[in-house]
Each structure stands twice: as C-alpha cells, then as structure tokens.
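Single-letter residue listing:
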There are 4 protein chains.
Amino acid sequence: MERQNIIDLNSDVGESFGIYKLGLDEEVIPLISSANIACGYHAGDPNVMKRTVALAKEHGVGVGAHPGLPDLMGFGRRYMDATLEEIKSYITYQIGALQAFAAVDGLTLQHVKPHGALYNMAVQKVSIWEGIAEVLGDTNSDLILVVLAGPNRRELEAIGSRYGIRIAFEFFADRAYNPDGSLVSRREEGAVIRDHNIAAERVLKVVKEGKVISKDGGEIGLSADTVCVHGDNPEAVALVKNIRKELVSSNVDIAPMGTFL
Amino acid sequence: MERQNIIDLNSDVGESFGIYKLGLDEEVIPLISSANIACGYHAGDPNVMKRTVALAKEHGVGVGAHPGLPDLMGFGRRYMDATLEEIKSYITYQIGALQAFAAVDGLTLQHVKPHGALYNMAVQKVSIWEGIAEVLGDTNSDLILVVLAGPNRRELEAIGSRYGIRIAFEFFADRAYNPDGSLVSRREEGAVIRDHNIAAERVLKVVKEGKVISKDGGEIGLSADTVCVHGDNPEAVALVKNIRKELVSSNVDIAPMGTFL
Amino acid sequence: MERQNIIDLNSDVGESFGIYKLGLDEEVIPLISSANIACGYHAGDPNVMKRTVALAKEHGVGVGAHPGLPDLMGFGRRYMDATLEEIKSYITYQIGALQAFAAVDGLTLQHVKPHGALYNMAVQKVSIWEGIAEVLGDTNSDLILVVLAGPNRRELEAIGSRYGIRIAFEFFADRAYNPDGSLVSRREEGAVIRDHNIAAERVLKVVKEGKVISKDGGEIGLSADTVCVHGDNPEAVALVKNIRKELVSSNVDIAPMGTFL
Amino acid sequence: MERQNIIDLNSDVGESFGIYKLGLDEEVIPLISSANIACGYHAGDPNVMKRTVALAKEHGVGVGAHPGLPDLMGFGRRYMDATLEEIKSYITYQIGALQAFAAVDGLTLQHVKPHGALYNMAVQKVSIWEGIAEVLGDTNSDLILVVLAGPNRRELEAIGSRYGIRIAFEFFADRAYNPDGSLVSRREEGAVIRDHNIAAERVLKVVKEGKVISKDGGEIGLSADTVCVHGDNPEAVALVKNIRKELVSSNVDIAPMGTFL
C-alpha cells in the first residue's frame, strides 16, 4: 500500500515558559513534520507560542495544539479528576488560543494531541477521546486528532466518523508494546527502549510492514500515521536524526500528517 | 443622519471564575446588545466562557473578547509594564480562546475590547491601541476594536484604516467628560455620575445629537457607536433598564455594533 | 467527663480571592471558635488572609491553616495525584504563609485542617494524614491536626503520638454517618442532613453522650472535639446559630480547640 | 576597622519551578554565604524551596527569603502598581512560607531581599523599603533587610531603627556606580562590568576601603555588608570563584551577614 511509504514525525515543543527554557526546539523542529505546541496550561505562554508557531512555519512543519491540564507546577503530568465538561472546555480554550497564533502567521492548525495526564486519561477512558473529538468537530472539523495506536483502533475510528474528523494513530519509537498492542507501563522493566538502532528499526517496521515486535517477542499488527519523538535533550535529538536517516535511506517520505491523512 | 437612531449597549460579562461568581450576567445580558466576555487572564475560565457565550447567543447579543493582563489577583486592574510584544501576544491568545467557544456555538466574534489596566494603558499610549489593532487585522479583520471616544478620534480612525479593521467609539454613561472630550479622572470629584436619569439623558444626547455636556457645563461634540454599561450589582442593572427605556421611548434602536458599523 | 461540656465549632473562612467574595465571614466568625483560613492555593490571597486573621483575632477565634491543592480553578475540590512529598511541601508552604500573618497580629497558629480533595484524600489514605502530621511535628509541634472522627481513631491517635502533635477529631453537623462511623458518601441519598433542628440535636448528642445515630437508625459511639459548620450562605449561618443556641442552653461551652485539647 | 575584614556574598537561588530548572544552585551555593531563596511568586515552588533550603543548610549558608511580585510569566521583573498594603501582604506571605521550610530543617531565616521589580520599586520609592521593614519588624525582628547601598544610607538606617531590624547594605560586583553612589542604569552603556578581574578588585576595594571608583573615574565612599553575585550561568559562577579567591588571598573572611551584623 502507498501509505507504507509515508510517515509523520511529531514532537512536543513550545514547552518553555517565561524565563524558563525547556527542550531543544530549534534543533528538533527541523527534524520533524508535525509540532505539538503547548498552549499555556501545563507549559507554554503566549510569547513562546508565537515564537514556536513561527519556527514551525519556517521549517514547513504542521502546527498542532498540545493542550494539557491546568497544572503548570506539575507540568500537566498529574491526573486530576476534572469533569468531562471541564476537560472539553480546557481543550476548546487551548485550541482556540493556538489557532489565533497560527492565523497571525497565515497558517491553519493541523492537529490536536492532548498532553501528559490528559493523554493518559483518554487512553484509559475512551469517553475522554470522544469528548475531545466532539470539541474538534465543533470547533474546526479539519483538525486531526492524534491518538495512541493500539487495541481499540476500531472504536477510535468510529469516534472520528461520528464527529466528522480524521484520526491519526501514533506510535512511540522508544516504548515497548504488550501483545495486545497497548503500551507496556513505565512501571515495568523494559518499558522504554534505549537503544537508538533498535528504536529506529522498530519505526521502520511499523511504517513498512505495519508490525511491531511485542514485549514477549511475538510480531503483532500495529499501523501508525505518526511517530512520537522527543527533543528534550541532545540524546533524544540524536535518536530523531537516527530515525530520519533510517527512514530516508529506506525511501520513506516524512511529511505532516495533514498531507496524507 | 441615520446613525443617530441606532446605538449599541456593551457590558463586561463572564467575569466569574471557578467557584467565584461575579456580576449579574443573567440579568444584564438580555438588556445589552454586545457582550465583552472575559478570557481567563484577569477573570473568566473556560467553563465560564462557554456558559457566557451560550447566554449571549440565547439573547442575540454580539459576542466580543475582553482580554486583560495576566493578573487574576488584581482583576487586571493594575498597570504592569509588559512590553508591546507581550501585550500583543496576550491579546492574540485571549481572542483565540474565546473565538473557539464562539465557533462551538456557531458564532463568530464581533469585537474586542481590552479590560481594565490594559484599556487605560491604551488610552494613555496610542501605540498600544495600534498594537491591538494590528493583532485584530492579523487574526481576523472582521473584528471591531472598541476604543474610548475622545479627542484622538482621527488618530484612532487612521489606525483602523491602517490595519483594515472597524473601530467602535465608546461612551461611558456614568462618567463625566473634560472639555476636550477625555474622561474626568476617577480621582476627581464628580467623575462618576450617579443620578440614573441624568445618565440616561446623557446617553440620549450622545445618540441623538452627538454631544455631551462636559464637566464645565459646556456642550462638546462626541459621537459614539456603543455605550458602556455595567451589570455588577442591582443598581447598575437598574441604570441599564433606565437607559434602555429612554432610548426605546425616543425611537432609538439598540443593536449589536457589528450590524451597523 | 468534663470534656462532655466543651466543644469547638470550626468553619472554613477566608475563601475570597482578589475581587471575588466568597462566604459570609463577617457573620460566621463571631459564631465559631476556630477558623480554618484558606492559604492561597485553592482560595484566599495574601490580602484576604490578612483581613481574615484580623477578623478572627477580633472575635477571639482560634486561627488555623486550611491548606489545599494548587487548583484555584477547581477550588481544591478535585483529586490530583500529587506525590506525598509534593503534598507535604504544599502543606508546609501554606502553613508558613498563614503563620506569618498570625505573627504580624501577635497570634500563633492553633490548628491545621486540610481542605477539600486533600482532606478526602487523607480520609481515604492514612499515609497522607501521617505525612501532614509529620509536617506539623517538624514545623511547629504546638499545632493541632484536625481529622475526621471515625473508625480509624486509634490509628490517628497513634500518628499524633508519633509526631508529638495533638489530634482534634471533627464531627460534621450536617452529614449522615454509616454504622462503622464513617461518613455516608455524598452520592448516596440522605447523605446531607437538611433539618436544622435535627442537625443541632445531633451535635448535642455527640457532645453530651459521644454518640451519633447512624444511617440505619442505630446508635454508635463517636466522640468529637470540634464540629464543622459552614458560612457559605444565610441558611448555613442560621444553622450555626441554631447549634450555638442548643449548645448554650444545654450548658455546653464553646471554645477554641487549643484551650481544652 | 574589623568590619573591613569580613563580607557576605549573597546570590539569588531556588528559582526553578516545577519541571523548569533555572540557575546553577548546586555550584553557586557552596561559594556564597547567604542564599536569597525564591518563594513561589516570581519563581520557586514548594518542592524547590524545600530542596534549596536543604542545600543551603548543607553548605552552612544563611537562608533568606527572596519575595517577588505575583508574576511568574514575567519572572517578577515587571513593575506592577500594587498598593503598599498589597506589597506588604505579598512579602508577609512569602517570608512565612519560606520560614516554614527553614523550620522543618531546624533553621531560622536570616534575611529578606526583595526580587526584581519589587527591589527596583523600593530603590525608587523609599516608602516601599519602609513597608517591607515594617513587615519584618512585625513578623520576626531578627530578620535582616537587604537594601541597595547608595546615597540614602542614613534614611535606610533610620528605617531599620524605627522597626527594630538590622539593615544589610548590598554592593553589586558587576555594576557601575554613579558619582552619587547610585547604580548606573542598565540602559546606559558601561552599566555592567564584564571583566572578572576588575569586578573582583572592586569588591575588594569596597570591603577593604569602603570605596568604589564611580563611572566618572572618581573615588567615592560606599560601604557594604554583602555583595550580590550570580549563579545563572557558568561564567557567572566563574566570577564568584574569582571574587572568593581575591577575598581569601587578601585575608577577608566570607560569612553569612547574620554572623557579623
């Protein structure tokens, strides 16, 4: 299939705040095809958002919102029992805020990927994916929702159809997978793949074959539209370079998800 | 002129936050034609914004953003020496956030009116009006910028032209004016007009004749597109009712500024 | 026993923030003997704290810290999975902040009672009570920790001994109790007692007999040092007056917990 | 005089926040004698405060509060027209918060030095120094207030006497001085001294002779109790090492201000 020769690389960026600098955005943005930009709740501030949108534009990278919980002190990584209505309002707010910066630069938003605890909450409770999908459908149905590729693919596709939006399934280059296609919990040993070559090979296998070797050594089907990579530190950036090299030398195109979904 | 028979009434609403309730929005929104909705910086939160947009929609009231300085503790009333770039980013962020709630309800934003210290800073320094106008032009040039009607009308009109946006000049029903058309400072005695009948008559005079009696008793020209009224307390709401009655009985139409500007 | 003729009445106060007013502090503070003052995380700000300490002092009411989770938007009512170390630091911070206002007024803090979700989290997980007790022991071992009177009394007393602090057991005037002495969940019908006379009688029974009628009609032992009352609205204040009247007419003294524990 | 052989070195530390790391605290704290620890308003959070107090204790460094304006987004560097009452409440709150962390570690606070815009506001308006001094006197009169050494020394000493607190006069190692003993504005060329050797010599001259060479080349009297140094970046830390070496080789003792004031 054609899809096997194209993939998106996404990364969380724009996570600085005020005087505080976080992440190597200048280095990682030229290497990716879609940018998940923090929107001021768990990280990011209006000035950072503006600069990050400009940087993404400069490199032809798809601009996406990366909304989080209102918990700057905890970087949006702590579960909070906000109601679904509250979550939907937080997402609406943050999408809108980023959309305005994109508009100022003559861009439109490409995608939305929830951050940290919000992402994990949605992975654990599909009604949260549904609530977010509803917000996208209501706000701007051209927006793509980035979700975790895994065992509930059909259910998530159905949600996309219900709200008239596209869904992008995401693969984690540096994470181990259970035999059912879900992520191995970070609390388990071997959850994170530290070898750059293995990580790059896994990405290639997902792209070319739609398959991943699970934790128990078996091969499982897992197709993905976008691969999550990181730019927190020099080693993470080195991994992204490795993945790009592997993909390019295998004739895989790297492109913003919006161009092929 | 036709314009003398139509006026907009605007009020700051959506200023509640979390558990905290502020203002009699349910009472004042049915009485006005344009709502300035707080956007989460000086007041308001995503849930409040959602409810307030819905309330405005229900009553056919024009929806506008009321962006403020990032100072919830001071309700955006304290001057902060943010740079113009920072101010522009704050405005962009807040306009975008509200725009998304409007979109969810199938509405488009009508106008933008800065709040509190930000408004006063712009009144004192025209480069801030200009920066805000630039943001509107860049984000969505259908947005109307609400400014203080006063001696620098020509300059503000020129700014509107430069950035391709409409300017709405605002009159304060309960404030005294200097002979040059500027507001009497709140620190001076007599700055606030407390008599409801006088306030209503002043509004009518501005609408019908484009004139106001200044502090020293003289009549000065002052034309306005919108009148700022308040809904903080029952007395303020009573004044709005009084103004409406006066206008209606004089055959003045009350309509959202976007319908006639 | 002597203790049966003395009780403390505590209430959450100082929950205003900036321009936002919450609660009838001026009315309820004269009626209680211990004030749980918000410390700026879920509610309250430095100016409010200052005013509230002064008001408590004026009425001879014991001053206590009412620390919450860092969630102003959710009024500290939403569970967050902060680590115990984070919770301990949040408590330390907020106790210290209030202590300084007390010092300015020549007072010392009497007690600490966690707010909202933090209180509920501790009720569900005793290690949180223990962490808070440790903070009190380390910061100022004269501080009394207010906990929910219930089935785990022995365990909580042991924690008090371990960290060298006093524990005050709290009874809720308006809440139903399970046969094991725990609170009936708010999700169950009949969880809240709305009849003022019944509520006042229940308080008197706890004070005089150390007993409460549980949900199933049986009488269970439950001794308390302090009764939680509310000042959110006029009806709540009316209930406090009712309780006071009942106690006074039965010769029960109402006094700050620190005077008799 | 004996005083010529002893000096304190102070630095702003504990300015990280949540996931955000700022400053080389681990490197600079062993080199200084007094630590100005951020208190959660412009920077710092409860976990950071706890760690920073522990680090200061480990190195025998005097612990001080570094309160700022409530402006995390602007790092407390932006002037805000808060009232004096508000400022006093903010200072009280932050001093108290840090004091509790010190107490947990068995320490007492040594000093208070306002941060950024708050410091500058006090330098420009002596009533702010007076308000802060009043807070110290009221909260804990053992606290030393760190102020800018300059032309208004007498006035500041009088304020110290009035409120029963000690005043520490501070010298900036890397800043040029006007002939009247005030700092050369950062907007002027030559305001910052970049040569490490010159900076170290200036410190030595102030300590040994109570004199500084002003901007116009003349020698002026300026005596100081503490020297402000920085730990933001490796170069700043190198300067602190240089200053220490110069002082040590000239037999000047470096000690927390509280030990000799």
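Residues numbered from 1 in each chain as written. Chains lettered and ligands numbered in written order. Predicted model: local features only at pLDDT ≥ 70, side-chain atom pairs only at ≥ 80, totals over all residues. Heavy atoms only, no water.

1. Focus: unusual backbone geometry
How we decide: A run of DSSP states H or I qualifies as a helix once it reaches four residues; a run of E qualifies as a strand once it reaches two. Both are numbered from the N-terminal end. Burial classes: relative accessible area under 20% of the type maximum marks a residue as buried, over 50% as exposed, and values in between as partly exposed (1.4 Å probe, protein chains only).
For A:Phe75, which is not glycine, the phi dihedral falls at a positive 55°. Relative to the helices and strands, A:Phe75 resides in the loop between β3 (62-66) and α3 (84-104). Accessibility expressed as a relative area gives 3% for A:Phe75, which makes it buried. Positioned with a positive phi, D:Asn251 is a non-glycine residue whose angle comes to about 60°. Inspection of the secondary structure assignment puts D:Asn251 in the loop between α8 (234-249) and β10 (253-254).

2. Examining the interface of chain D and chain C
Test applied: By definition in these notes, contact holds between two residues if any of their heavy atoms fall within 4.5 Å. In this description, buried area is defined as the sum, over both parts, of the accessible area (probe of 1.4 Å) that is lost when the two are combined. We define a salt bridge as a side-chain nitrogen of Lys or Arg found within 4 Å of a carboxyl oxygen belonging to Asp or Glu. Polar contacts, as counted here, are pairs of nitrogen or oxygen atoms within 3.5 Å of one another; within protein the pair requires one atom able to donate a hydrogen and one able to accept it, and residues that are adjacent in sequence qualify only if both atoms are side-chain atoms.
Listed per partner, the contact involves 21 residues of chain D and 21 residues of chain C. Taking both partners together, chain D and chain C bury about 1,800 Å²; carbon and sulfur atoms supply 62% of that area. Here C:Lys50 makes a salt bridge to D:Glu85, at a shortest N to O gap of 3.2 Å. One can count 6 residue pairs in polar contact (both at pLDDT 80 or more) joining chain D with chain C.

3. A look at the relation of the copies chain D and chain C
For clarity, the cut-off: Fitting of the copies onto one another was done by least squares over C-alpha atoms, counting residues only where both copies have pLDDT of at least 70.
With an RMSD of 0.0 Å, chain D superimposes on chain C once it is rotated by 180° and translated 0.0 Å along the axis. Accordingly, the operation relating the two chain copies is best matched by a two-fold axis. Both copies present the same face, since 100% of the interface residues in chain D are matched by interface residues at the equivalent positions in chain C.

4. Quick word on helix α3 (residues 84-104) of chain C
Counted only if it meets this: In this analysis, the expected span of each helix is defined as 1.5 Å times one less than the number of residues it contains.
Here α3(C) is 21 residues long and its end C-alpha atoms lie 31 Å apart, about the 30 Å a rise of 1.5 Å per residue gives. Of the residues flanking the end of α3(C), it is C:Gly106, one or two places downstream, whose phi is positive at about 75°.

5. Description of the relation of the copies chain B and chain A
In the superposition of chain B on chain A (RMSD 0.0 Å, axial shift 0.0 Å), the rotation amounts to 180°. Mapped onto chain A, 100% of the interface residues of chain B are again interface residues, and the two copies thus contact each other with one and the same surface.

6. Considering the side chain of A:Gln94
Residues and elements named next belong to chain A. Residue position: Gln94 is located in helix α3. Taking the relative accessible area as the measure of exposure, Gln94 reaches 0% and is therefore buried. Discounting chain neighbours no more than four positions away, the residues touching Gln94 are Cys39, Tyr41, Pro67 and Gly68.

7. Here we look at the pairing of strand β5 (residues 144-148) of chain A
Residues and elements named next belong to chain A. The condition is simple: We call two strands paired when DSSP finds no fewer than two bridges between them. A clockwise path from the first strand over the helix to the second, with the strands pointing away from the viewer, defines a right-handed crossover.
Burial analysis of β5 places 5 of its 5 residues in the buried class, the great majority of the element. For β5 and strand β6 (residues 166-172), the ladder comprises 5 bridges, and the chain directions are parallel. When the sheet's bridge partners are listed, Leu148 is paired in β6 with Glu170. Assessed by its sense of winding, the connection that carries the chain from β5 through helix α6 (residues 153-163) to β6 is right-handed.

8. A few points about the confidence of the model for chain A
The test is simple: For every residue, the predictor states its confidence as a pLDDT score lying anywhere from 0 to 100.
Per-chain confidence: chain A averages 96 in pLDDT, with 98% of residues scoring 70 or above. Both scores are given for the predicted complex: the pTM is 0.97, the ipTM 0.96.

9. Regarding the environment of A:Val184
Residue and element names in this part refer to chain A. Position of Val184 among the secondary structure elements: in the loop between β6 and α7 (196-209). You can call Val184 buried: its relative accessible area is 1%. In this view, Val184 contacts Arg175, Ala176, Tyr177, Asn178, Ala191 and Lys215; residues no more than four positions away in its chain are not counted.

10. Looking at the pairing of strand β9 (residues 226-229) of chain C
Residues and elements named next belong to chain C. Burial along β9 is two-sided: the residues Thr226 and Cys228 and Val227 and Val229 are all buried. Where strand β6 (residues 166-172) meets β9, 3 bridges bridge the pair, whose relative direction is parallel. Each bridged residue has a counterpart across the sheet, and for Glu170 the counterpart in β9 is Thr226.

11. Regarding the interface of chain B and chain A
Which entries qualify depends on this criterion: Residue type decides the class: Asp, Glu, Lys and Arg count as charged, Ala, Val, Leu, Ile, Met, Phe, Trp, Tyr, Cys and Pro as nonpolar, and the leftover types, Gly among them, as polar.
Listed per partner, the contact involves 21 residues of chain B and 21 residues of chain A. In this assembly, chain B packs against chain A so that about 1,800 Å² is buried in total across both faces, 62% of it on carbon and sulfur atoms. Inspection of the region where chain B meets chain A yields 2 salt bridges. For the side of chain B that touches chain A, the secondary structure elements donating two or more residues are α2 (46-58), α3 (84-104) and α5 (126-139) of chain B. The dominant element in the side of chain B that touches chain A, judged by the number of residues it contributes, is α3(B), at 12 residues. Considered class by class, the residues forming the side of chain B that touches chain A number 11 nonpolar, 6 polar and 4 charged.

12. Section: the packing of aromatic side chains
The description of two aromatic rings rests on the distance between their centres and on the angle between their planes. Rules: Two aromatic rings, drawn from Phe, Tyr or Trp (for Trp, its six-membered ring), form a pair once their centres lie within 6.5 Å of each other, and the interplanar angle then sorts them: stacked below 30 degrees, edge-to-face above 60, tilted otherwise. Look at NZ for Lys and CZ for Arg. If either is within 6 Å of the ring centre and within 35 degrees of the ring normal, a charge sits over the ring.
Scanning the entire structure with this criterion turns up 32 aromatic pairs over all chains. Relative to D:Tyr20, the ring of A:Tyr20 has its centre 5.3 Å away and its plane inclined at 25°; by these criteria the two rings are stacked. In this pair, A:Tyr20 sits in the loop between β1 (6-13) and α1 (25-28) while D:Tyr20 sits in the loop between β1 (6-13) and α1 (25-28), so the two residues belong to two different chains. No difference in accessibility class separates A:Tyr20 from D:Tyr20, as the two residues are buried. Taken together, a centroid distance of 5.2 Å and an interplanar angle of 15° make the contact between B:Phe171 and B:Tyr177 stacked. Of the residues examined, B:Phe171 reaches a relative accessible area of 0% and is grouped as buried. Here the aromatic cluster, defined as three or more aromatic residues joined through ring pairs, consists of A:Tyr41, A:Tyr90, A:Tyr93, B:Tyr41, B:Tyr90 and B:Tyr93. Positioned above the aromatic ring of B:Tyr119, the side-chain terminus of B:Lys113 is 5.8 Å from the ring centre.

13. Examining empty space enclosed by the protein
Note the threshold: Every definition here rests on a 1 Å grid over the protein atoms only: cavities are sets of points where a 1.4 Å probe fits but cannot get out, pockets are open sets enclosed by protein on both sides within 12 Å along at least five of seven lines, and lining residues have some atom within 4 Å of a point. Grid points are joined across faces, edges and corners, and a volume is the space filled by probe spheres set on the points.
In this structure the tally under the stated criterion is 1 cavity of 30 Å³ or more. What the largest cavity holds in volume is close to 1,300 Å³. Taken together, 41 residues make up the lining of the largest cavity; nearest its centre are A:Leu72, B:Phe17, B:Leu72, C:Leu72 and D:Leu72. Classifying every residue of the lining of the largest cavity by side-chain character gives 27 nonpolar, 7 polar and 7 charged.

14. Quick word on the environment of B:Asn242
Residue and element names in this part refer to chain B. As for its position among the elements, Asn242 is in helix α8 (residues 234-249). Relative accessible area serves as the criterion here: at 18%, Asn242 is assigned to the buried category. Expressed as a C-alpha distance, the spacing of Asn242 and Arg166, which sit 76 residues apart in the sequence, is 29 Å. Setting aside residues no more than four positions away along its own chain, Asn242 makes contact with His196, Asn197 and Ala200.

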